[in-house]
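# Secondary and tertiary structure notes
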Amino acid sequence: MTESETRELLAGLAASLYARGFSVGSAGNISARLDDGFLITPTNSSLGRLDPARLAKLDGGFRHVGGDKPSKEVFMHRAFYTARSDAGAVVHLHSTMATAVACLPDVNEENPIPPLTPYFVMRVGRTMPVLRYYRPGDAAMEPAIEAAARQARAVLLANHGPVVSGRTLVDAVYAAEELEEAAKLYLLLRGHSPRLLTAAQVEDLLATFG
Ligand SMILES: [Zn+2]
């Protein structure tokens, strides 16, 4: 895919997420790896109204080399790209249901959302570590995300929201969507003792599709 095609795709996927309520105001940011660096949504931009030509461009060392000023949360993306050579894109949202789970005090810190459906397991993977609360912009968040991202394709920032990676932009966006829907199911089913996928069913999914 050319850089121009990646710019168009990123803006189109972002607008779709915004239109369906996955992001409001200027919340959320999306990045994609290029052959010569990265694209990321600009600071204070709305996912609903991105101009593909004005996306921030970073070089391979994450220095700003073109377009508008990058998101203040660029370091979350850098943490994933540094930790995972397979990450081609990163999506960070403050989507309601996943963020609601991120506010619960009693979740499993390795798997805050249990394996309810196969597509969640296939897209997000075996674990999604919950990281403690950090003030937005706190530099201590980056090494914590980087360490967690070595073991997982997605992390959940306590009282903040999810950060999700994927091999491609489409993969990362689909994983963020699947995560939000799984969080919704989990919250709907809390207190109902739902039937979960078994450990063997999860291993079978990961062996077949992971
Ligand atoms: Zn955020």
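Look up: the structure comes first, before these words.
Residues numbered from 1 in each chain as written. Predicted model: local features only at pLDDT ≥ 70, side-chain atom pairs only at ≥ 80, totals over all residues. Heavy atoms only, no water.

## Thoughts on the nonpolar core
Ranked by internal contacts, the top residues of the largest apolar core, which has 39 residues, are Ile 30, Ile 113 and Leu 179. Of all the secondary-structure elements, those providing two or more residues to this core are helix 1 (3-19), strand 1 (29-34), strand 5 (89-92), helix 3 (96-102), helix 4 (118-124), strand 7 (154-157) and helix 6 (169-189). Ranked by residues supplied to this core, first place goes to helix 6 with 9 residues. If near-sequence neighbours (up to four positions away) are discounted, Leu 179 is found in contact with Ala 98, Ile 113, Phe 120, Val 124, Met 128, Pro 162 and Val 164. Membership of the second largest hydrophobic core comes to 24 residues, among which are Ala 79, Phe 80, Val 90 and Ala 148. (Core = buried A, V, L, I, M, F, W, Y, C linked by side-chain atoms within 4.5 Å. Buried < 20%, exposed > 50% of the residue type's maximum accessible area, 1.4 Å probe, protein only. Helix = DSSP H or I, 4+ residues; strand = E, 2+ residues; numbered from the N terminus. Contact = heavy atoms within 4.5 Å.)

## Thoughts on the sheet that holds strand 3 (residues 56-58)
In spatial order, the strands read 4-3-2-1-5-8-7-6; together these 8 strands make up an open sheet with mixed pairing. Here the strands that pair on one side only, and so sit at the sheet edges, are strand 4 (64-66) and strand 6 (130-131). For strand 5 and strand 8 (residues 161-166), the ladder comprises 4 bridges, and the chain directions are antiparallel. Within the sheet, the bridge partner assigned to Val 91 lies in strand 8 and is Val 164. This element, helix 5 (residues 141-149), spans strand 6 and strand 7 of the sheet and lies at about 140 degrees to strand 7. (Pairing = 2+ DSSP bridges. Axes fitted to C-alpha atoms, helices over the stretch in contact; angles between N-to-C directions.)

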